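Okay, here's what each chain looks like letter by letter:
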Amino acid sequence: MGVRLRHEREADTERKPEHPRPAPPSGAALLALQRSAGNQAVGRLLRQAAAGPGDLRELMVDSIAPGEIPAEVAQLSAPEQAGPEAELGRKLARSAQARLQRKEADTLELCPRYWRYETPHDFASYNCAGLAWRTYDFRGDLAAERSAASSGSGTQSPGAVKHWFWEYDLHLETDDGRRTPKSHDFHTVAGVVDKASADPDDVYSKNGRRPVYGPRTGPGWKPPTRDRATSNDPSDTPASTDDGAPLYKVRSNFKEIVKLHACPGP
Amino acid sequence: MKLPDDAVRCRAGDHLAVRDGDGWQLFAVEDFVAARRLVTLLRDDEPVELVDELPDGVAPAYEGPQLLLTAYARRFESPEAASAALAAGELGEGVPGVLRPLAGFPSASTQVLR
């Protein structure tokens, strides 16, 4: 078997916000982070950051991944900014990056098939389930994938593969009141439980024939209730009606399955 | 678009003899086509436009290459009998515009008549 080519994070296709928000006051930024990461995690981060220029690499915080740091905080870390807020933003980003590196190292050691993802496969040839199971094929039968995800009976232990599976009703709509009938759809992701038996942060996701994005936490990939519809191909182009109205996907009636499976081997 | 691994290799203008129970059915290959599902955009329950289905995880409809066929009702005892009828112009009436996935014509049970 040849050498597997793996995705390099430097070439990541992490989606950028369509409409970057202006920098809010510092209090708003911290509140935004608190909402995203939770009170305890932010409290620990703030205590560490306020303690001075200490090395934050050992900080154990499992609630927020680099891709999930709110835009406000990312803006605080912009190099052209100075002051305690900018420094706080940089420390948070460094801390999250260090934690991600540790989790990736755990994944590589415990279940290497889930270390990032293989790059030789055409994005159009596999979907979310093909990535979640690292089979790199198109697994588009909802009932079969629900059954596969549900069959996990493992425990939250180092090296176990944690699968998140969501199914829901889906329809397309425009802002001016046009909409399609509902269909039933799903999304699924998976990642490896780390050496401390904590959830993974190095979870990748793809939607249909669209590109792979990530990393993030597993729950961070739960599809939003409403987002812009895009073409079901690697170009991921925003979709519109013939008269130019943006099309949005609306998801409702979510059901979630979270199960642990054995690592499938290298 | 990739040809399905197990599907018969044919060209537009060929005829396909397909095993159907104890007999063989004949199809004329008109074209290879790609198909995609469109869904109806409604305003107040009134259809106003068709747009591409844009699914998340589920497989899009009409995956892979499709065959546009003329299907003949007459059944034959063997591919050889179908070939003889074809040569004699005795296929009988056919139904044009039949769409079937190429993957539904496995080489193991399909013979190409040229």
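Figured I'd write up the structure that's included with this text. By convention here, each chain's residues receive numbers from 1 onward along its written sequence. Note on labels: chains are lettered from A, ligands numbered from 1, in written order. For a predicted model such as this one, the threshold for reporting local features is a pLDDT of at least 70, and the threshold for listing and counting side-chain atom pairs is 80 or more; totals across whole chains, interfaces and linings nevertheless cover every residue. Think of the side-chain values as coming from all heavy atoms in the structure, minus any hydrogens and water.

Thoughts on the sheet that holds strand E6 (residues 94-101) of chain B
Residue and element names in this part refer to chain B. Pairs of strands are assigned from DSSP output, requiring at least two bridges between the strands. For the purposes of this entry, the term helix denotes a DSSP run of H or I that reaches at least four residues, the term strand denotes a run of E that reaches at least two, and both are numbered from the N terminus. Reading across the sheet, the five strands line up as E6-E5-E2-E1-E7 and stay open at both edges, with antiparallel pairing between neighbours. This sheet does not close on itself; its edge strands, each paired only once, are E6 and strand E7 (110-113). Across the sheet, the axes of successive neighbouring strands diverge by a mean angle of 35 degrees, strand direction being ignored. Along the sheet, helix H1 (residues 79-88) contacts strand E1 (15-20), strand E2 (23-33), strand E5 (66-76) and E7; its crossing angle with E7, the most-contacted strand, is approximately 25 degrees. Think of each axis as a best-fit line through the C-alpha atoms, taken over the contacting stretch in the case of a helix, with angles from 0 to 180 degrees between the N-to-C directions. Whether two residues are in contact is decided by their heavy atoms: any pair within 4.5 Å suffices.

Thoughts on the packing of aromatic side chains
All names here are of chain A. Between rings of Phe, Tyr and Trp, where Trp is taken as its six-membered ring, a pair exists when centres lie within 6.5 Å; planes separated by under 30 degrees are stacked, by over 60 edge-to-face, and by other angles tilted. One pass over the structure, following the stated rule, counts five aromatic pairs over all chains. Look at Tyr126 and Tyr136: their rings are 5.2 Å apart centre to centre, the planes differ by 75 degrees, and that puts the pair in the edge-to-face class. Placement of Tyr126 in the loop between helix H4 (84-110) and helix H5 (128-132) and of Tyr136 in the loop between H5 and helix H6 (142-150) is noted, with a sequence separation of 10 residues between them. For the exposure calls, accessible area comes from a 1.4 Å probe over protein chains only, and a residue counts as buried if that area is under 20% of its type's maximum, exposed if over 50%, partly exposed in between. According to the relative accessible area criterion, Tyr136 is buried, its value standing at 7%. A centroid spacing of 5.5 Å and a plane angle of 20 degrees characterise the contact between Phe165 and Phe186, whose relative ring orientation is stacked. Taken together, the residues Phe165 in strand E1 (residues 161-173) and Phe186 in strand E2 (residues 183-192) connect sequence positions 21 residues apart. No difference in accessibility class separates Phe165 from Phe186, as the two residues are buried. For the cation-ring pair, Lys206 lies above Tyr126, with the distance from its terminal atom to the ring centre recorded as 4.6 Å. A ring is considered to have a charge above it if a Lys NZ or an Arg CZ atom is located within 6 Å of its centre and within 35 degrees of its normal. Its guanidinium or amino end placed over the ring of Trp221, Arg216 lies 4.2 Å from that ring's centre, counting from NZ or CZ.

Overview of the interface of chain A and chain B
Size of an interface: often given as the accessible area lost when the parts come together. Taken residue by residue, the interface counts 33 residues in chain A and 17 residues in chain B. Accessible surface is computed with a 1.4 Å probe, and the buried area is the amount of it that two parts give up when combined, taken over both parts together. Taken as a group, Arg178(A), Asp185(A) and Asn232(A) account for 24% of the area that chain A buries against chain B, more than any other trio of residues on that side. Within the residue set of the side of chain A that touches chain B, elements represented by two or more residues are E1, E2 and strand E6 (248-261) of chain A. Gly counts as polar in this scheme, as do all residues outside two lists: the nonpolar Ala, Val, Leu, Ile, Met, Phe, Trp, Tyr, Cys and Pro, and the charged Asp, Glu, Lys and Arg. Residue composition of the side of chain A that touches chain B, grouped by class: 11 nonpolar, 12 polar and 10 charged.

Details of the nonpolar core
All names here are of chain A. Ranked by size, the top nonpolar core spans 16 residues in total, and within it Tyr114, Val161 and Phe186 carry the most contacts. Listing elements by their share of this core, those giving two or more residues are H5, H6, E1 and E2. In this structure, Val161 is in contact with Cys111, Tyr114, Ala190, Gly191, Val192, Lys259, Leu260, His261, Ala262, Cys263 and Pro264, ignoring residues within four places of it in sequence. Put simply, buried Ala, Val, Leu, Ile, Met, Phe, Trp, Tyr and Cys residues joined by side-chain atoms within 4.5 Å make one nonpolar core.

Description of the state of the cysteines
As used here, a disulfide is simply a covalent bond connecting the sulfur atoms of two cysteines. All names here are of chain A. We call a pair of cysteine sulfur atoms a disulfide whenever their separation is within 2.5 Å. The tally for this structure, following the rule as stated, stands at one disulfide over all chains. Here Cys111 connects covalently by a disulfide to Cys263, the sulfurs 2.1 Å from one another. Residues Cys111 and Cys263 are joined by a disulfide whose S-S torsion is about 90 degrees; by sign, that bridge is right-handed. With Cys111 in the loop between H4 and H5 and Cys263 in the segment after E6, this residue pair connects regions lying 152 residues apart in the sequence. On the basis of relative accessibility, which here comes to 27%, the residue Cys263 falls in the partly exposed class. Between Cys128, a free cysteine, and Cys111, which holds the nearest cysteine sulfur, the sulfur-to-sulfur gap is 19 Å.

Description of H6(A)
Residues and elements named next belong to chain A. The complete set of buried residues in H6 reads Leu142, Glu145, Ala148 and Ala149. One face of H6 carries all of its buried residues, which in axial projection span an arc of 125 degrees. Where H6 is buried, its residues meet H5, E1, E2 and E6. Think of a polar contact as two N or O atoms within 3.5 Å of one another; within protein, one of them needs to be a possible hydrogen donor and the other a possible acceptor, and neighboring residues in sequence only count if both atoms come from side chains. Backbone nitrogen of Ala143 and a side-chain oxygen of the N-cap are separated by 3.1 Å at the start of H6; the cap is Asp141. This arc describes the spread of directions from the helix axis toward the C-beta atoms.

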